[in-house]
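# Structural description and commentary
Next come the chains, spelled out residue by residue.
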Amino acid sequence: MPDCIICGTSSDGPICDVHQEDVVFEFRGDQPSQLTPGRFYRGTVDGYAEFGVFINIGNVTGLLHRSKLDRRLESLDWEVGDDVFVQVNNIRDNGDIDLGWSIRQSEREFRGVLVDSPDGDYLADEYGESDEAESEESDTDASTEESAAEPESGREPETATEEATEDEPAEAEPTEAKADEQTGGNPSDEELADIAAEDEPVTEESDTDEAESDAEEPVEGDIDRVPVETLREHVGDVVRLEGEVVSARQTSGPTVFELRDETGVVDCAAFVEAGVRAYPDIEADDYVRLDGEVRLRRDEIQVETESLVELEADAKAEVEQRMDAALDDQASADSVESLADDDAIEAITEDITDAATTIRRAVLESRPVVVRHDATTDGYVAGAAVERAILPLVEEQHATADAVYHYFDRRPLEDGVYDMNDATKDVTRMLGDRERHDEKLPLFVFAAAGSTAASTDGLELLDIYGAPRVVLDGRPADSEVVDEIDSLVTVAERTATTVAANVAAAVNGDVRDDLTHLPAISYWDDTPEAYVELAAEAGVNDDTARQLREAIALEAFYQSYEDKRELIVDLLFEKRTGLAEQVSEQFGRKLEDELETATANLDERSVDGATVAVLDTDAYTHTYDFPPTRLLLDELARRLDVDAVVGVATDELHIRSDAALDLEAIVASLQLEAPEAGVANPGARQPKLEFLAGERDAVLDELIDALAEQVVTASA
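Residues numbered from 1 in each chain as written. Predicted model: local features only at pLDDT ≥ 70, side-chain atom pairs only at ≥ 80, totals over all residues. Heavy atoms only, no water.

Looking only at helices and strands, the protein chain features 22 helices and 23 strands. Looking at the protein chain as a whole, 52% of its 716 residues are labelled buried. Sequence-distant contacts in the protein chain: of pairs separated by 6 or more residues, those separated by 24 or more amount to 66%. Accessible surface, the protein chain as shown: approximately 32,100 Å² in total, 42% of it carbon and sulfur. (Helix = DSSP H or I, 4+ residues; strand = E, 2+ residues; numbered from the N terminus. Buried < 20%, exposed > 50% of the residue type's maximum accessible area, 1.4 Å probe, protein only. Contact = heavy atoms within 4.5 Å. Areas by Shrake-Rupley, 256 points an atom, 1.4 Å probe, with all protein chains shown as cover.)

As C-alpha cells, this is what we get:
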C-alpha cells in the first residue's frame, strides 16, 4: 500500500484523505462525475459571463460563480486561456460543476502535483507530466545569481534568499517596480511571498527561532507614532503604529496582520521565512506597537513590519482607552429621523438608535457582519437595506478592495426560522475563520427572522460563543427569544423592511435617499400611504413597486440558499425596470397556474356561521415548483371571501385568517380532543401546527371546529 507524499501514512493512493486539499490535481478524465469534490484542480479560463467565469478542467467545464470570488468579478485580471486553480465544490446530477475560489494561484503554493485519472491518482512527475508553469514561476524570482530549482512533489520550495548572507544580500528588483509589473487586483499570496523574500534576506546561519527573536526587538531611535488614516502621507517612511490586531492570516510568504487604531485599519506584512508564521504569540484582539516602512501596493497602503511587540499593563490601557473613546464617538448613530411620517416607527426611535450604533461599532472594530434574512420579498429587501448601509462603511474602514467580501455576508433562511441546523453551520464557519485567520466573531443581524420561539435554540448557540445578535422585524418578538437578543427592533403592523430601512438610514445617512422606496415594495396589500408617497418621490409608482415585489419573490424562491447580491442590487437600486417587468411576468404566470389548480380543489366547510377553506397541499400543489406554500396560502387568503384558509400536508398545517387567533388555545383544544396526535406549535412566523401523520383527519376536523369558534367569538 503506498504512503501519503505529505505525512507518510498508509493510503490508497499517493495522498491520504486528510491532505487532499494540500495538493493540486491535473484532471485526465472526460466526464464531470469523474471529478472529486473538495479537490483543487488546475484549469484554464474559458470565458466570462455576468454571473461568473467558466473554467475548463481537462475535458469538462465548470462555473466559478461571482459569489464565490474573494473580489469583484470585474477586478479579475484573468484572460481567456490563462491557467488558474479552482476547487470543485459540487457536481450536480445534470453534470453542472460548481467551482470554488482558490487563494493559491500558483503551482508552488501547493505541496505537490498529482494526476487525477479514471484509473487512479499518481504523481505528475512520475510520468513526466509536471507542468512547465513551475519553471516559469521560478523565472520571476531570479533575484539571485543562482537559478531556483523546482521542488520535489510533497516538499515546500526553498526561497531564493536562503543562499544569501548578511554581507551579500540577494540582488532584487525595487519592490515598487516589481509591483508595477503585476496586473490587476490585490497582490496575491505568491506576490507577497516574492516581495517579502526580497525585502528580508535571511542568513545561512540563522534559523527560524533566531530570526523571530531578532525581529521582536523594537527599532531603536526616534520614530513618530502616526494614525492609520495618515499613512498615505508617509509612503517610504518608517513609522510607529499602536492599536489592536484585527486578524492574522498566514500566506505562502509573509504573515499579514490587520492592525486597527482609532482612525482605520491597515495590512502589515511580517516575514520570517516563506510560509512560516511570524510573531506566533501575537493573535487577534492583542494590543500592539508596530514599527515598519509604509509601502504602496496597487494603490493600497501596506506596512512592511520591522518590529512588533505586544503592549501590556499601562501601555495597553492607554491605547485601549484612546481607541474606545474614539470608537464610541464614531459608532454613535447620527440623529435618528424616520424615513416617513410614521408614528409607529417614531415610537421605537431609541431601539433604532441602539441597533444602528451596534452595527456601526461592529464595522469600526473590524467585526464581520452576517445578515440572516427570511427567503421572502420582505426578508430580501430588508437584508438589502442593511447591506446598502454597511458596505460603504466597510470600504472606508479597510484599505483592501475585497474587504466587502470578508467583512460582510448575507444569507437567506427558510421560513424565517433560525434553527439548530442554521446555527450549527454558522458557528462552524465562524470558528473556522477565527482559527485560520484570527477573525473576530461576527455580529449577526436578523431581518424578518429570528423573532419567533422556533429560533430560540439557534440564538442560544450563538450566545454560548458570545456572538452578538440584532433582530429587525415587523412583528413583536416571542417572549422565549427576547433574552437571547442583544438589540431588538420590532413593531406591529409594519414590515421588517420598514424597520430595517429606518435602521439602515441611521447606520449610514449617506445612503438615506437610496432607501426611501424600499418599504413600499415590501407590502403585499394595505401599504401605508406615507410609504406610497415616499416611493413616488423616489420615482417608484405603485405598478413599479408591484413588479419589484413580485420579481424579488420569484428570485427568493429559486436557489434560496444564496443571497443573489448583484441581482437584488440591480432590481432595487439600479431600478432596471425591464428586468423587474420580465421576472414579474414569470411570477404572474406561475402563480395564476397554481391558484387555478388550488381553487378548483378547495374544500370549503361551514361551522357555526364561519367558513374555512381547506387545501390539501400534498395533493394539489407542485411541491418543488413556484410558488411556495406560504406565498400560495397568502394569496388565497387575500382573494377568497372566507374567514380562514388552512393548508394541510402530511404532518403539518398552515393557517391564514384576518381574525386575531389564540394559537395556544387552539393547540390546547386539539391536544384535548386528539390526545394521540402529538399536536405542537413549532413557533413559526405565521400560524403553523405539527402533528403525527396518522392522526391527520382527526386533527383537521378538530382544528376547523376550534377555528370557527374563535372566528365567531372575534366577530361577535
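This part is about the packing of aromatic side chains. Within this structure, the stated rule accounts for twelve aromatic pairs. Each ring, one from F557 and one from Y558, has its centre 5.1 Å from the other, and the planes form 80 degrees; the classification is edge-to-face. Among the aromatic side chains, those forming a connected cluster through ring pairs are W524, F557, Y558, F587 and F626. Note that R39 overlies the ring of F25, its terminal NZ or CZ placed 4.0 Å from the centroid. A cation over a ring is seen here: R549 above W524, with NZ or CZ 5.7 Å from the ring centre. (Phe/Tyr/Trp six-rings, centres within 6.5 Å; stacked < 30°, edge-to-face > 60°. Lys NZ or Arg CZ within 6 Å of the ring centre and 35° of its normal.)

The next subject is the pairing of strand β19 (residues 603-607). Successive side chains on a regular strand alternate, one facing one side of the sheet and the next facing the other. When β19 meets strand β20 (residues 610-616), the two strands line up antiparallel, connected through five bridges. Note that in β20 the partner of R605 across the bridge is V612. Linking β19 to β20, which pair antiparallel, is a turn of two residues; within it D608 sits at a positive phi near 55 degrees. (Pairing = 2+ DSSP bridges.)

Taken together, the five strands give a closed barrel; going around it, the order is β9-β10-β11-β13-β12, and neighbouring strands pair in mixed fashion. The sheet shows a mean angle of 55 degrees between the axes of neighbouring strands, taken without regard to direction. Pairing of strand β12 (residues 287-297) with strand β13 (residues 300-310) involves ten bridges; the strand directions are antiparallel. Considered in β13, the bridge of R297 is made with E300. Contacts from helix α5 (residues 313-331) reach β9 (238-250), β10 (255-260) and β12, with the element oriented near 80 degrees to β9. (Axes fitted to C-alpha atoms, helices over the stretch in contact; angles between N-to-C directions.)

Right, let's talk about the packing of helix α8 (residues 377-397) against helix α18 (residues 565-572) for a bit. Any two packed helices are characterised by how steeply their axes cross, that is the angle between the axes, and by the distance between the axes. For the pair α8 and α18, interaxial distance at closest approach is 11 Å and the crossing angle is 95 degrees. It follows that α8 is roughly perpendicular to α18 by the angle criterion. Every residue of α18 that contacts α8 at Y380, V381, A384, E387, R388 and L391 is listed here: R565, I568, V569 and L572. Considering only residue class, the contact of α8 with α18 consists of seven nonpolar, no polar and three charged. (Parallel < 35°, antiparallel > 145°, perpendicular 65-115°, else oblique. Nonpolar A, V, L, I, M, F, W, Y, C, P; charged D, E, K, R; others polar.)

Now for the packing of helix α7 (residues 349-364) against helix α13 (residues 496-507). For the pair α7 and α13, interaxial distance at closest approach is 9 Å and the crossing angle is 55 degrees. With respect to α13, the axis of α7 lies oblique. Note on packing geometry: the crossing formed by α7 with α13 is right-handed. Two secondary-structure elements touch here, α7 through I352, A355, A356, I359 and R360 and α13 through N502, V503, A506 and V507. Among the residues making up the contact of α7 with α13, the classes are represented as seven nonpolar, one polar and one charged. (Left-handed = near helix turned anticlockwise from the far one by under 90°.)

Along the polypeptide, V363 turns up in helix α7. Relative accessible area serves as the criterion here: at 5%, V363 is assigned to the buried category. As a C-alpha pair, V363 and L393 span 30 residues in sequence and 7.0 Å in three-dimensional space. Aside from chain neighbours lying at most four places away, what touches V363 is V369, I390, L393, V394 and Q397.

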